[in-house]
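# Structural features, examined
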Amino acid sequence: FSFKNHTMSSTKPASKKRGQGYSFDEIMHLLEMMENILPIGNDEWDTVRREHLIKFPGQARDINSLRRKYNQLSHKRVPTDDPNCLPEVKRAKRIRIDIRKKANCDTYEDGLSTGDPNCLPE
């Protein structure tokens with residue numbers, strides 16, 4: 001077998017199309033809805049989705065998309081006292097704390113939840 005005559009195909013595999021990214025205004029509105037509702041279950045997340053759709057009807061984000069965006073922000077590995085920490089990340093992290101309080105999640109010293117399915121992991 002000779003590599004000289006072997007050509008690699010230059011065609012790339014079809015990539016999955018992604019939706020339009022979130023604008024800063026859209027992110028801030030999502031976080032505002034999150035602060036107001038502090039969603040724990042699907043019904044509350046659906047309320048966030050409906051409120052978001054009213055303000056941004058052209059985006060038609062589903063619950064999973066909104067959750068992913070929120071989780072992406074709230075789980076960023078940057079300390080909130082870091083001067084480079086974006087304001088939307090700080091806000092998302094504060095909301096995460098408020099959601100935990102709302103869910104009344106007590107944790108053990110080792111970080112394991114009390115078994116409440118609504119309790120967010122560390």
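All of these numbers come straight from a predicted model, not from anything done at the bench.

## Considerations on the overall build of the protein
When you go through the protein residue by residue, the secondary structure sums to four helices and zero strands. Shown N-terminal to C-terminal, the secondary structure of the protein runs as helices and strands in the order α-α-α-α. In the protein, which comprises 122 residues, the proportion classed as buried is 30%. Here the contacts in the protein between residues at least 6 apart in sequence split such that 47% fall between residues at least 24 apart. Surface exposure of the protein reaches about 9,200 Å², of which carbon and sulfur atoms provide 50%.

## Some remarks on the nonpolar core
Counting residues in each nonpolar core, the largest one holds 20 residues, and the members touching the most others are Leu 31, Met 34, Trp 45, Val 48, Tyr 70 and Ile 95. Looking at this core, the elements that each hand over two or more residues are α1 (24-37), α2 (42-55), α3 (63-74) and α4 (87-103). At seven residues, α1 tops the list of elements feeding residues into this core. Filtering out sequence-adjacent residues up to four positions away, Met 34 remains in contact with Pro 39, Trp 45, Val 48, Tyr 70, Ile 95 and Ile 99.

## Concerning the packing of aromatic side chains
Here the structure, examined in full by the defined rule, presents one aromatic pair. Stacked on the ring of Tyr 22, the Lys or Arg Arg 61 has its end atom at 3.8 Å from the ring centre.

## Observations concerning the confidence of the model for the protein
For the protein, the average pLDDT comes to 79, and 70% of its residues sit at 70 or higher. Counted against residues more than four places away or in other chains, residues 6-10, with its pLDDT under 50, gives one contact.

## Some thoughts on α1
An ideal rise of 1.5 Å per residue puts 20 Å on 14 residues; α1 measures up with 20 Å between its terminal C-alpha atoms. In this structure, the buried residues of α1 make contact with α2, α3 and α4. Remark: Leu 38 follows α1 within two positions and exhibits a positive phi of approximately 45 degrees.

## Here we look at unusual backbone geometry
Although it is not a glycine, Leu 38 adopts a positive phi angle of roughly 45 degrees. If you trace the backbone, Leu 38 turns up in the loop between α1 and α2. Take Leu 38: its relative accessible area is 16%, and that puts it in the buried class.

## Focus: the pattern of salt bridges
In this structure the tally under the stated criterion is five salt bridges. Counted as one network, the salt bridges with shared partners bring together Asp 46, Arg 49 and Arg 50.

## Digging into the packing of α2 against α3
Packing of α2 against α3 leaves a shortest axis separation of 9 Å and a crossing angle of 95 degrees. Here α2 lies roughly perpendicular to α3, going by the angle between them. Across the interface between the two elements, Asn 42, Trp 45, Asp 46, Val 48, Arg 49 and His 52 of α2 pack against Ile 63, Leu 66, Arg 67 and Tyr 70 of α3. Residue composition of the contact of α2 with α3, by class: five nonpolar, two polar and three charged.

Calculation criteria
- Residues numbered from 1 in each chain as written.
- Predicted model: local features only at pLDDT ≥ 70, side-chain atom pairs only at ≥ 80, totals over all residues.
- Heavy atoms only, no water.
- Helix = DSSP H or I, 4+ residues; strand = E, 2+ residues; numbered from the N terminus.
- Buried < 20%, exposed > 50% of the residue type's maximum accessible area, 1.4 Å probe, protein only.
- Contact = heavy atoms within 4.5 Å.
- Areas by Shrake-Rupley, 256 points an atom, 1.4 Å probe, with all protein chains shown as cover.
- Core = buried A, V, L, I, M, F, W, Y, C linked by side-chain atoms within 4.5 Å.
- Phe/Tyr/Trp six-rings, centres within 6.5 Å; stacked < 30°, edge-to-face > 60°.
- Lys NZ or Arg CZ within 6 Å of the ring centre and 35° of its normal.
- pLDDT = per-residue confidence, 0-100.
- Expected span 1.5 Å × (residues − 1).
- Salt bridge = Lys/Arg side-chain N within 4 Å of Asp/Glu carboxyl O.
- Axes fitted to C-alpha atoms, helices over the stretch in contact; angles between N-to-C directions.
- Parallel < 35°, antiparallel > 145°, perpendicular 65-115°, else oblique.
- Nonpolar A, V, L, I, M, F, W, Y, C, P; charged D, E, K, R; others polar.

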